[in-house]
Amino acid sequence: MHIVFINPIASEKQLCVEYRTLLRPVPHIGLAYLAAVLVRDGHTVEVVDQFALHMSNAQLLTHVASMNPECVAFSCLTPCVNNVITLSHGVRSQCPDAR
């Protein structure tokens, strides 16, 4: 199975240059652990970090759709809930066969 994990930003305001200079992207260890187990079990896994890649929501959705995933999962902290809801609707419309 081809699985895509998304580590979303809280809002697209985080993409502004001033905000990005305050924070440094760090690997999401939880997604790394999940990906490692899934790869070990024979799945193809990709992790997309929206903040580290400086992607807008539209760019992220285009990127995820181009990967043709069978399953899409989100990391979600409380500040990211509204953006995850927005992104999940976008993923559902662009990747209707994904779980």
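Heads up: the structure comes first, above all this text.
Just so we're clear, the structure is a prediction, and the values are computed from it rather than from any experiment.

Visitor: I'd like a rundown of the overall build of the chain, residues and numbers included.
Guide: The helix and strand inventory of the chain stands at four helices and three strands. Along the chain, helices and strands appear, N-terminal first, in the series β-α-α-β-α-β-α. Expressed as a percentage of the 99 residues in the chain, the buried residues total 36%. The long-range fraction of contacts in the chain, counting pairs at least 24 apart against all pairs at least 6 apart in sequence, stands at 77%. Approximately 6100 Å² of the chain is accessible, and the part contributed by carbon and sulfur atoms is 60%.

Visitor: Before we move on, could you go through the packing of helix α3 (residues 57-66) against helix α4 (residues 81-94) and cite the residues and values that matter?
Guide: Relative orientation of the contacting elements α3 and α4 amounts to 40°, with a least axis distance of 10 Å. Considered as vectors, α3 and α4 are oriented oblique to each other. Note that α3 runs across α4; the crossing there is right-handed. From α3, N57, L60, L61, T62 and A65 reach across to α4, where they touch N83, T86, L87, G90, V91 and Q94. Of the residues assigned to the contact of α3 with α4, the class counts are five nonpolar, six polar and no charged.

Visitor: Lay out the pairing of strand β1 (residues 2-7) in plain terms, naming residues and giving numbers.
Guide: With respect to burial, β1 is a largely interior element, six of its six residues being buried. Neither face of β1 is exposed, since H2, V4 and I6 on one face and I3, F5 and N7 on the opposite face are all buried. Where β1 and strand β2 (residues 44-49) come together, six bridges link them in parallel fashion. What sits directly across from V4, in β2, is E46.

Visitor: How would you summarise the pattern of salt bridges if you had to cite specific residues and measurements?
Guide: Under the defined criterion, the tally for this structure stands at one salt bridge. Note that R40 and D41 form a salt bridge whose closest N and O atoms lie 3.2 Å from each other. A relative accessible area of 62% places R40 in the exposed class. On the basis of relative accessibility, which here comes to 48%, the residue D41 falls in the partly exposed class.

Visitor: If you had to explain the environment of I3 to someone new, which residues and values would you point to?
Guide: For I3, the location among the structural elements is in strand β1. We classify I3 as buried; its relative accessible area is 6%. Note: C-alpha distance between I3 and H43 (40 residues apart in sequence) is 7.3 Å. Non-local contacts of I3, meaning those with residues more than four positions away in its chain, are made with L38, H43, T44, V45, E46 and C71.

How each quantity is defined
Within each chain, residues carry numbers counting from 1 in the order of the written sequence. Given that this is a predicted model, residues contribute local features only at a pLDDT of at least 70 and side-chain atom pairs are listed and counted only at 80 or more, while totals for whole chains, interfaces and linings are drawn from all residues. By convention in this description, side-chain values take in all heavy atoms of the structure and omit both hydrogens and water. A run of DSSP states H or I qualifies as a helix once it reaches four residues; a run of E qualifies as a strand once it reaches two. Both are numbered from the N-terminal end. With a 1.4 Å probe rolled over the protein chains alone, any residue whose accessible area is under 20% of its type maximum counts as buried; one over 50% counts as exposed, and the rest are partly exposed. Here, two residues are considered to be in contact whenever any of their heavy atoms come within 4.5 Å of each other. In this description, accessible areas are obtained by the Shrake-Rupley approach with a 1.4 Å probe, and a residue is regarded as covered only by the protein chains that are shown. Axis definition: a line fitted to C-alpha atoms, over the contacting stretch in the case of helices. Angles run 0 to 180 degrees between N-to-C directions. Roughly parallel here means an angle under 35 degrees, roughly antiparallel means over 145, roughly perpendicular means 65 to 115, and every remaining angle is called oblique. In a left-handed crossing the near helix is turned counterclockwise from the far helix by less than a right angle, and in a right-handed crossing that turn is clockwise. Throughout this entry, Asp, Glu, Lys and Arg are counted as charged residues, while Ala, Val, Leu, Ile, Met, Phe, Trp, Tyr, Cys and Pro are counted as nonpolar. The remaining residues, Gly among them, count as polar. In this description, strands pair whenever DSSP reports at least two bridges between them. For salt bridges, the criterion is a side-chain nitrogen of Lys or Arg within 4 Å of an Asp or Glu carboxyl oxygen.

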